[in-house]
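Observations on the three-dimensional arrangement
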Amino acid sequence: MLLVMDQKATPEEVAAVVAAIEARGYSARPIPGGERVAIGILNNKGPVDAAFFLGLPGVRDAIPVTRPYKLVSREFKPEDTLVQVGDLSIGTGALTIIAGPCAIESESQALTIAEQVKRKGAHLFRGGAFKPRTSPYSFQGLGEEGLKILARVREKTGMPVVTEAMDFETFDLVEHYTDVIQIGARNMQNFSLLKRAGRAKKPVLLKRGMAATIDEWLMAAEYILEGGNPDVILCERGVRTFAHHSRNTLDLSAVPVVRKESHLPIITDPSHAAGRRDQVIPLSRASVAVGAHGLMVEVHHAPDQALSDGGQSLYPDQFERLCRQVNSIYEVFK
Ligand code: PEP
Ligand code: MN
């Protein structure tokens, strides 16, 4: 349930409502708004007695929350969330483009790609240092050395960086070096990792699991918000279907559904959805047309030599074309 306080409610009245919620064994989550404060009631095992709370001074309304996810829902917070990364605001009002290689392979590789994508329209740089690979024989990433390279890329280009925290053991290290912490598709329901992300002081990019429903995905985001971190960016990266003309199927309909259900920003990753270069630009255009707040795409200056996902990595010139096209489409919907 969500209690909406009167516009003139005093801080003492808000505190008294919080105390009354806690006295009943629930948790209270005050949500400051532009006009008035709302207080979410969480952890109630059964129905909440609305009449009791409506009788408290300063309480204006009690709205039942029908969804299983609370903090991520529009019922709790009707206004869009903007996730701040340095000077960038990710969410409604801007189209954010994240680009870079699948994996950080060396400093010269990372810098070459970063300088190109920055010039052609990227706002953030991506690159894996810890790579979740299907085969144990595939390149696993440079680990901490990769994180140090990412920090140097940020220093030299001014672009914030995004990289994946693959496990609990290396989470602190990743949080230390990166600007945005990515949680990959394979870890979307790694609940101890989600709880750790909830305590992180940096924004989290939460990818949709490859077989996850939208409800499961939003519940995963709920773990992070419930843990105290409000800055989550959702990323649709394709789900498994019977189709094999692409590696996964980009679920474009997830974008409007998530925008309706949640106030969190949502981007797509057409590269991991397609698994092949020729579909990345069309799927990027489609993502922006259905309302994505941004894109994450893989770009490599020499895809044939890439140590991972070369087949889906765009050449820098293609990335430039992509930026031009998606920015024009975005303008149409502004
Ligand atoms: C990635 O973005 O590097 C990645 C491994 O993606 P996903 O978790 O979506 O497979
Ligand atoms: Mn990849």
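As shown above, the structure is provided for reference.
A brief look at the structure comes next.

The rules behind these values
- Residues numbered from 1 in each chain as written.
- Chains lettered and ligands numbered in written order.
- Predicted model: local features only at pLDDT ≥ 70, side-chain atom pairs only at ≥ 80, totals over all residues.
- Heavy atoms only, no water.
- 1 Å grid on protein atoms, 1.4 Å probe; cavity = no way out; pocket = protein on both sides within 12 Å on 5 of 7 lines; lining within 4 Å.
- Points joined across faces, edges and corners; volume = space filled by probe spheres on them.
- Helix = DSSP H or I, 4+ residues; strand = E, 2+ residues; numbered from the N terminus.
- Nonpolar A, V, L, I, M, F, W, Y, C, P; charged D, E, K, R; others polar.
- Buried < 20%, exposed > 50% of the residue type's maximum accessible area, 1.4 Å probe, protein only.
- Contact = heavy atoms within 4.5 Å.
- Core = buried A, V, L, I, M, F, W, Y, C linked by side-chain atoms within 4.5 Å.

Comments concerning the layout of surface pockets
Space inside the largest pocket adds up to approximately 400 Å³. Along the wall of the largest pocket there are 25 residues; nearest its centre are P132, R186, R237, R247 and H272. The element best represented in the lining of the largest pocket is strand 9 (residues 161-164), accounting for 3 residues. Class assignment for the residues of the lining of the largest pocket results in 5 nonpolar, 10 polar and 10 charged.

Quick notes on the environment of A292
Relative to the helices and strands, A292 resides in the loop between helix 10 (280-289) and strand 14 (294-298). Judged by relative accessible area, A292 falls into the buried class, the value being 3%. In the structure, A292 is positioned 219 residues away from S73 in sequence and 17 Å away in space, judged by C-alpha atoms. For A292, the contacting residues outside a window of four places in its chain are L95, V255, I266, I267, T268 and S287.

Things to note about the nonpolar core
Core analysis: the biggest nonpolar cluster contains 72 residues, and V117, F125, L206, L234, F319 and L322 have the highest contact counts within it. Looking at this core element by element, the count peaks at 7 residues for helix 7 (residues 214-226). Ranked by size, the runner-up nonpolar core spans 17 residues in total, among them M1, I21, A28 and A62.

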